[in-house]
Amino acid sequence: MVLLIVTLLIGGTQGFAQKAKADRLFAAFNYSKAIPYYEKLASKNNRHAAYAMQRLGDCHRLAGNFEESARWYSNATVIDTTNADLFFNYAQSLRSIGKYEEAAEQFLRYAVLKPGDPRGELFARYSREVNKWTEPEFEYELINAEAINTSYADFSPVYAKDGVIFTSDRMARTGEKRYGWTGAYYLDLFYSQLKKEEGKEYSEPGAPSLYSAGLSQAYHDGPATFSSDFKTVYFTRVTRKIGEIDSTRYYTNKLKIYSSKYLEENKWSDPEPFFLNSDSYSVGHPALTVDGKTLYFVSDMPGGQGGTDIYKVNKTDEGWGPAENLGSNINTFGNEMFPYIHKDKVLYFSSDGHPGLGSLDVFMSSIDGSNYGKPENMKAPVNSPADDFGIVINDNDREGMISSNRPGGKGDDDIYLITIKERLPDSVLISGLVKDRESLEVLRNSTVFAWNLQADEIVILKTDDKGYYEIWAKRGSSFVMKGMKNGFSPDCLHLAIDPKAKETTAENRDLLLGKYKVDQIFRLENIYYDFDKWNIRADASVELDKVVAFLNENPDIIVELGSHTDSRGSFKYNERLSERRAQSAVEYIVLNGISNKRITAKGYGEYQLVNRCSDGVKCSDEEHQDNRRTEVKITGVIESEDAKVEQPLDVYKKGQKLGISDFKDDFFNICTDSQKPL
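Keep in mind that what you see is a predicted model, and the values were worked out from it rather than measured.

S.K.: Would you explain the pairing of strand E2 (residues 154-159) in this entry?
M.R.: Two faces, one strand: in a regular strand the side chains alternate between the faces of the sheet. Counting buried residues in E2 gives six out of six residues, a clear majority hidden from the surface. Pairing analysis gives four bridges linking E2 to strand E3 (residues 163-168), with the strands arranged antiparallel. Its bridge partner lying in E3, Asp154 is registered against Ser168. Hairpin connection, E2 to E3: the antiparallel pair is bridged by three residues.

Here is the structure:
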């Protein structure tokens, strides 16, 4: 069972007592009790039959019985052909049982009925592209954790010191009342010790027991997250509201977060409410980082992206800071929930808004400071057409657990053990280092543009504190890797992975970046002028465009553009000609967007010859050509306060995936033999 925040509006005066009774139960989320009333109503040939069939579909869908929900929705669509929501929910149920082509057809019918809602065509496309998420990059094995699963809902495990703590709606105490939504009992936290038998690759849980009577109340408790020292717990709780009843005569109880401190012998302090708890919206599914400084949670508070969004709060000296929505890269128009933070580096969460296999799929996003990489679907077998959520990964990175209501389990939601063996045979780990070309020191936070030539996709990589980067790729792939860092000249390498190679790793040569220095001079090749002229020819503009790109990529640098002639002609003539040529080149660069404060022109005439060809010395045309050159010299850096507000490479985030059209046409030109960087 997945706790979702659902708004169900039922209007108008009810025509029959039976319908009114069913609707009251439905409005109170007592789906299991409402089903028999709707079944009686659906069996009668009257004007309420289609409505009752739709409600039966809703009841079974919200309780996770997708086969039954699809059957009832199908019956309803025969009678009611204009109800857009009916077709949308029917399509979602079909998608949840793996009937993707049928789901796509129903999503398109919804799109016709509601052309203003993009979900119809979008979800139809997701359903037809499902093969993208059926081929995992890791070799996983999922095993039902039979010892802790029951016919009830068992989900959201978290690792304890020597075991696992999870949430379940099995009976926790004798005489406990049942929950009308599913007909099961109320949620509580349970504990199971983990043991690893000899010869097995994974740890198995033993028989569970109620985790703590002090954290268990008469209504829902769980899921939970613990601090790394297990002295603080944050958990979701739903309490019965006492007081004035609302217009439907039932309450919509909201999820809330509570925290408690460990005292002794599994005794906890009285739970304290989280400062963001509200009777107007839900706050739940807490997930704490290892360092304890950030708490992630789920809420449908106003101002979000969709149904439920993932938020975070950071700890300050005064307490928790304001709630921060993770933004549109993570949150969608759908529901994002069940966040989990692995080693403070990866965010795992479930979503029905991102493209996937079914209702809820698990996604992962790399964390880089306050930035989150593009969510990646974890694919099958971790994900399935059903609800998959509540994932946790062991510190050894070789095993984990996940909750799912996929077919073949023991009950509603089951917990599955995940063994992570290795990448599939067709995947290879490409890794390398980025270093300073002169000192060979590693360069942290460098940017590597990994251009996959087969997929025509560019993945943004960032080096860690050791100058290391990595990317997984399929065998047979070809890459161009361009390394860049502000203040350094770029470097490139080409890599082709043998489709028949047996190795699972491919180490590259180091990407060596040259640090730019004051008084450093770069010669521009192929800058030609017509005889006795200084206008910029088309062939010269190609080379000057490199200067424009260089200055755009290094906004702190100031340069001088110098023009030199050979010794033929008088000193004054050559000095005047070179000055005009240099000024003409600078004007071209300024016209292409570079501030005239960052570049100056200097004509050197024949005063700085690079060879013996001075006046009176007989030389070949090639020797004179060596002296006719244009050079760029770094003369300093901008010292103003706004010079380093944002460097150009800062706009690229780790894990970001872009197309070649997102870059200028010449971005990878330096990676060919004929093009050299400044």
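S.K.: How should the nonpolar core be read in this particular structure?
M.R.: It is characteristic of soluble globular proteins that their nonpolar side chains tend to be buried jointly. Ranked by size, the top nonpolar core spans 34 residues in total, and within it Tyr38, Cys59 and Phe107 carry the most contacts. For this core, the secondary-structure elements that each account for two or more residues are helix H1 (17-27), helix H2 (31-42), helix H3 (49-62), helix H4 (66-79), helix H5 (84-96), helix H6 (100-113) and helix H7 (119-128). Of all the elements, H5 adds the most residues to this core, at seven residues. Apart from the residues lying within four places of it in its own chain, the contact partners of Cys59 are Phe26, Tyr31, Ala34, Ile35 and Tyr38. Ala145, Phe190, Tyr202 and Met401 belong to the second-largest nonpolar core, a separate cluster that totals 26 residues.

S.K.: I'm lost on the packing of aromatic side chains in this one. Help?
M.R.: Each aromatic ring pair is summarised here by two numbers: the centre-to-centre distance and the angle between the ring planes. Scanning the entire structure with this criterion turns up 37 aromatic pairs. Ring pairing ties together the aromatic residues Phe88, Phe107, Tyr110, Phe123, Tyr126 and Phe333, which thus form one cluster. Note that Arg71 overlies the ring of Trp72, its terminal NZ or CZ placed 4.7 Å from the centroid. The lysine or arginine in question, Arg95, covers the ring of Phe123, its NZ or CZ lying 5.2 Å from the ring centre.

S.K.: When you look at the side chain of Thr463 in this model, what are you seeing that I'm missing?
M.R.: Examined against the element boundaries, Thr463 turns out to sit in the loop between strand E27 (457-462) and strand E28 (468-474). Here Thr463 falls in the buried class, since its relative accessible area comes to 7%. At 2.9 Å, the side chain of Thr463 forms a polar contact with the backbone nitrogen of Asn445. Other than its neighbours up to four places away in sequence, Thr463 contacts Val434, Leu443, Arg444, Asn445, Ser446, Tyr468 and Tyr469.

Cut-offs and rules
Residues numbered from 1 in each chain as written. Predicted model: local features only at pLDDT ≥ 70, side-chain atom pairs only at ≥ 80, totals over all residues. Heavy atoms only, no water. Buried < 20%, exposed > 50% of the residue type's maximum accessible area, 1.4 Å probe, protein only. Helix = DSSP H or I, 4+ residues; strand = E, 2+ residues; numbered from the N terminus. Pairing = 2+ DSSP bridges. Core = buried A, V, L, I, M, F, W, Y, C linked by side-chain atoms within 4.5 Å. Contact = heavy atoms within 4.5 Å. Phe/Tyr/Trp six-rings, centres within 6.5 Å; stacked < 30°, edge-to-face > 60°. Lys NZ or Arg CZ within 6 Å of the ring centre and 35° of its normal. Polar contact = N/O pair within 3.5 Å; in protein donor to acceptor, adjacent residues only side chain to side chain.

Function cannot be inferred from these measures alone, as they are strictly geometric.
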